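# A look at the structure
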Amino acid sequence: EPEVTQTPSHQVTQMGQEVILRCVPISNHLYFYWYRQILGQKVEFLVSFYNNEISEKSEIFDDQFSVERPDGSNFTLKIRSTKLEDSAMYFCASSADGMRYEQYFGPGTRLTVT
Amino acid sequence: QKEVEQDPGPLSVPEGAIVSLNCTYSNSAFQYFMWYRQYSRKGPELLMYTYSSGNKEDGRFTAQVDKSSKYISLFIRDSQPSDSATYLCATTTQGGSEKLVFGKGTKLTVNP
């Protein structure tokens, strides 16, 4: 069964450093998303991406965040200058054309900022 | 008012029990309603979704939406220890926004 994969599973970084979180969405999906979950809190939407551009972003997704689809399979989230409060689980998700509500999530990357 | 509210539990039941998990929401524009299961430190796994009001059944799981009261439910029949997880409700509008709005999740333990 096709699935969303994410690397790394755990990333530790120092405050102020840049991190790139990587995702491989399900191969025939066209919509891609990033969500995050701070420990003990709700899963929160960050950004959606379609046709090589951002289609929607939340107020959390400020100028320190960016997304890219560098090739036909990868989808990345870059955090330019990490802050302590960026520590969270980051989930990538994807969905098929015409079924944007049916989003399939990856296993997540746990980001720890020290 | 929070968009989606969900009792975090924890909820503990004996094996074989019928489990009822519930959420309420505030935005009447929400049209799609999803249930995800999340094991500890893993990604949410889509269990099922419904559109607008009504019931949907998939094996031991039944999802129910009552738009008049803005209330969504997931019932698990003949619960198993492997059902032990956190269950997240999520919703989104039709067209327009693509973001899923999640509840906080209910932690369920099914005891053998």
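Calculation rules
- Residues numbered from 1 in each chain as written.
- Chains lettered and ligands numbered in written order.
- Predicted model: local features only at pLDDT ≥ 70, side-chain atom pairs only at ≥ 80, totals over all residues.
- Heavy atoms only, no water.
- Pairing = 2+ DSSP bridges.
- Helix = DSSP H or I, 4+ residues; strand = E, 2+ residues; numbered from the N terminus.
- Axes fitted to C-alpha atoms, helices over the stretch in contact; angles between N-to-C directions.
- Polar contact = N/O pair within 3.5 Å; in protein donor to acceptor, adjacent residues only side chain to side chain.
- Contact = heavy atoms within 4.5 Å.

### Side note on the sheet that holds strand β3 (residues 19-25) of chain B
All names here are of chain B. Judged by pairing direction, the sheet is antiparallel, and its five strands sit side by side in the order β1-β3-β8-β7-β6 without closing on themselves. One side of each edge strand has no neighbouring strand; the edge strands of this open sheet are β1 (4-6) and β6 (54-58). For this sheet, the mean inter-axis angle between neighbouring strands, taken without regard to orientation, is 15°. Direction of pairing for β6 relative to strand β7 (residues 61-66): antiparallel, over a ladder of five bridges. Looking at β7, one finds that Asn 55 is bridged to Gln 64.

### Concerning the pairing of strand β7 (residues 65-68) of chain A
All names here are of chain A. Pairing of β7 with strand β8 (residues 75-79), which is carried by four bridges, proceeds in the antiparallel orientation. The residue of β8 that forms the bridge with Glu 68 is Thr 76. Taking the residues between adjacent antiparallel strands as the criterion, β7 and β8 are bridged by six residues.

### Section: the side chain of Thr 106 of chain B
All names here are of chain B. Positionally, Thr 106 belongs in strand β11 (residues 106-111). Here Gln 6 takes part through its side chain, which lies 3.3 Å from a polar atom of the side chain of Thr 106. With near-sequence residues (within four places) excluded, Thr 106 lies in contact with Gln 6, Asp 7, Pro 8, Gly 9, Leu 11, Leu 21, Ala 85, Thr 86 and Tyr 87.

These figures capture arrangement, not role.
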